[in-house]
Amino acid sequence: MPENHSAPPPILADKHHDAPSAFTPESLLREARRQKECPPAAVPAICLLDPDGDLLRRLRAEGRATRDAAWPCYHTELYRFGEAGLEFGIVGCVVGAAFAVLIAEELFASGCRLLLSMTSAGQLLPHGAPPYFILIDRALRDEGTSYHYLAPAEFSVASDALVARVQGAFADLRVPVLRGATWTTDAPFRETAEAIAVMKAKRLLAVEMEAAALYAFAAARGKPVLCFAHVTNQMGQIEGDFEKGEADGTVDALAVISRAAARLLET
């Protein structure tokens, strides 16, 4: 039977974006609490996704992070820590679009009021030598998860209101924080020279694995999410790549995160 080339690819078909999900984070967490005998408890109002896990490892090594025994997630552990007078929840090693949104859904179902993500990223258009940071204002949707939340489009876009509120918050930090667009992929080892050339032509600053899906989730669910990229490498194309800076970049990353959180909590 010949293929029907006019039909949409399966990932775009039958999504019904406005319909409620039969499977919800609340029901998953309910059963996890029952099985694990965890009492109902809220997570901190500000939560952080740490895909590389460097922030969490550093906080634990310094004795600054305490595991939350009431977090019932089947796949992760949540820790609490304080920074700049604020309490954060942090989940480490949440790598990739699907995993990031799974945990984001669970966090917001558990009392999170603001979600930040700090992921490492590969440099596309150079703005000096890495490391530096990007406040991601839009992300190209080259992954699958975002299409389950929003109708097809080239980009997922950050909340204009959230981006506006953090403008100027990072001016005096020692490592620059740029604003711009990234390429979100779920196949990092398929970043071909041809694909990279296309993304550079689109003026995308870096490549990462979570932002497009997180922003699609945020838009569909009406949740406050802001994503940062820590540009740490040139995709392994030079010797001595993947250097993040002092303490694996955690000192500077925490400064960016705490500044953003403080601004976003201002009334």
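In this report, we go over the structure that sits alongside the text. Only a predicted model underlies this, so the values are computations on that prediction, with no experimental measurement involved.

What counts, and where the lines are drawn
Per-chain numbering applies: the sequence of each chain, read as written, is numbered from 1 onward. The predicted nature of this model means local features are confined to residues of pLDDT at least 70 and side-chain atom pairs, given and counted, to a pLDDT of 80 or more, with totals for whole chains, interfaces and linings taken over all residues. Heavy atoms from the whole structure form the basis of all side-chain values; hydrogens and water molecules are not counted. Residues belong to a common nonpolar core when they are buried Ala, Val, Leu, Ile, Met, Phe, Trp, Tyr or Cys residues joined through side-chain atoms within 4.5 Å. Here's how the labels work: a residue is buried when its accessible area is under 20% of the maximum for its type, exposed when over 50%, partly exposed in between, all with a 1.4 Å probe on protein chains only. Labels follow the DSSP assignment, with helices taken as runs of H or I lasting at least four residues and strands as runs of E lasting at least two, numbered in each case from the N terminus. A contact between two residues is defined here by any heavy atoms of the two lying within 4.5 Å. Between rings of Phe, Tyr and Trp, where Trp is taken as its six-membered ring, a pair exists when centres lie within 6.5 Å; planes separated by under 30 degrees are stacked, by over 60 edge-to-face, and by other angles tilted. Pairing between strands requires that DSSP locate at least two bridges from one strand to the other. By definition, a salt bridge exists where a carboxyl oxygen of Asp or Glu is found within 4 Å of a side-chain nitrogen of Lys or Arg. The definition used for a disulfide is geometric: two cysteine sulfur atoms within 2.5 Å. Within 3.5 Å is the distance limit for a polar contact, defined as a pair of N or O atoms, with the added protein rule that one can donate a hydrogen and the other accept it, and that residues adjacent in sequence qualify only through two side-chain atoms.

1. Details of the nonpolar core
Nonpolar side chains tend to gather and get buried jointly when the protein is soluble and globular. Residues Leu49, Leu107, Leu115, Met118, Leu214, Val225 and Leu226 are the most contacted members of the largest nonpolar core, which totals 70 residues. The element contributing the most residues to this core is helix H6 (residues 211-221), with eight residues. Not counting residues up to four positions away in its chain, the partners in contact with leucine 214 are Leu49, Ala100, Val101, Ala104, Leu115, Ser117, Val225 and Cys227. With nine residues, the next largest nonpolar core counts Phe155, Ala181, Ile196 and Val207 among its residues.

2. Description of the packing of aromatic side chains
Taken as a whole, this structure holds four aromatic pairs when the rule is applied. Measuring from centroid to centroid gives 5.1 Å for phenylalanine 81 and phenylalanine 88, while their planes differ by 10 degrees, and the two rings are stacked. Residue class for phenylalanine 88 comes out buried when judged on its relative accessible area of 0%. When the centroid spacing of 6.0 Å and the interplanar angle of 90 degrees are considered together, the rings of tyrosine 149 and phenylalanine 217 count as edge-to-face. With tyrosine 149 in the loop between strand E6 (132-142) and strand E7 (155-157) and phenylalanine 217 in helix H6, the pair connects residues that are 68 residues apart, well separated along the chain. The pair formed by tyrosine 149 and phenylalanine 217 is uniform in burial state, with each residue classed as buried.

3. Topic: the pairing of strand E1 (residues 46-50)
Across the five residues that make up E1, a large majority, five, are buried. Residues Ile46, Leu48 and Asp50 line one face of E1 and the alternating positions Cys47 and Leu49 line the opposite face, and both faces are buried. Bridging between E1 and strand E5 (residues 114-123) involves four bridges; their strand directions are parallel. Pairing of cysteine 47 across the sheet is with leucine 115, part of E5.

4. A closer look at the pattern of salt bridges
This structure, assessed with the given rule, holds 13 salt bridges. Where arginine 58 meets glutamate 62, a salt bridge forms, and the shortest distance between an N and an O atom there is 3.1 Å. According to the relative accessible area criterion, arginine 58 is partly exposed, its value standing at 38%. Here aspartate 172 ties to arginine 259 by a salt bridge, and the two come within 2.7 Å at their closest N and O atoms. Of this pair, aspartate 172 sits in the loop between helix H4 (160-166) and strand E8 (177-185) while arginine 259 is found in helix H7 (residues 250-265), placing the two residues 87 residues apart along the sequence. By relative accessible area, arginine 259 is classed as partly exposed at 29%. Among the charged side chains, a salt-bridge network with shared partners connects Arg58, Glu62, Arg64 and Glu83.

5. Topic: the state of the cysteines
Here a disulfide denotes one covalent bond, and it connects the sulfur atoms of two cysteines. Taken as a whole and judged by the stated rule, the model has zero disulfides. Free cysteine cysteine 93: the closest other cysteine sulfur is in cysteine 73, separated by 13 Å. Here cysteine 93 falls in the partly exposed class, since its relative accessible area comes to 40%. In this structure cysteine 227 is not part of a disulfide, and its nearest cysteine sulfur, from cysteine 112, lies 12 Å away.

6. Remarks on the side chain of threonine 182
With respect to the secondary-structure elements, threonine 182 resides in strand E8. Of the polar contacts made by the side chain of threonine 182, one reaches the side chain of glutamate 208; its length is 2.8 Å. Sequence-distant contacts of threonine 182, that is, excluding residues within four places in its chain, are made with Ile136, Arg138, Ala139, Leu140, Leu204, Ala206, Glu208 and Ala211.

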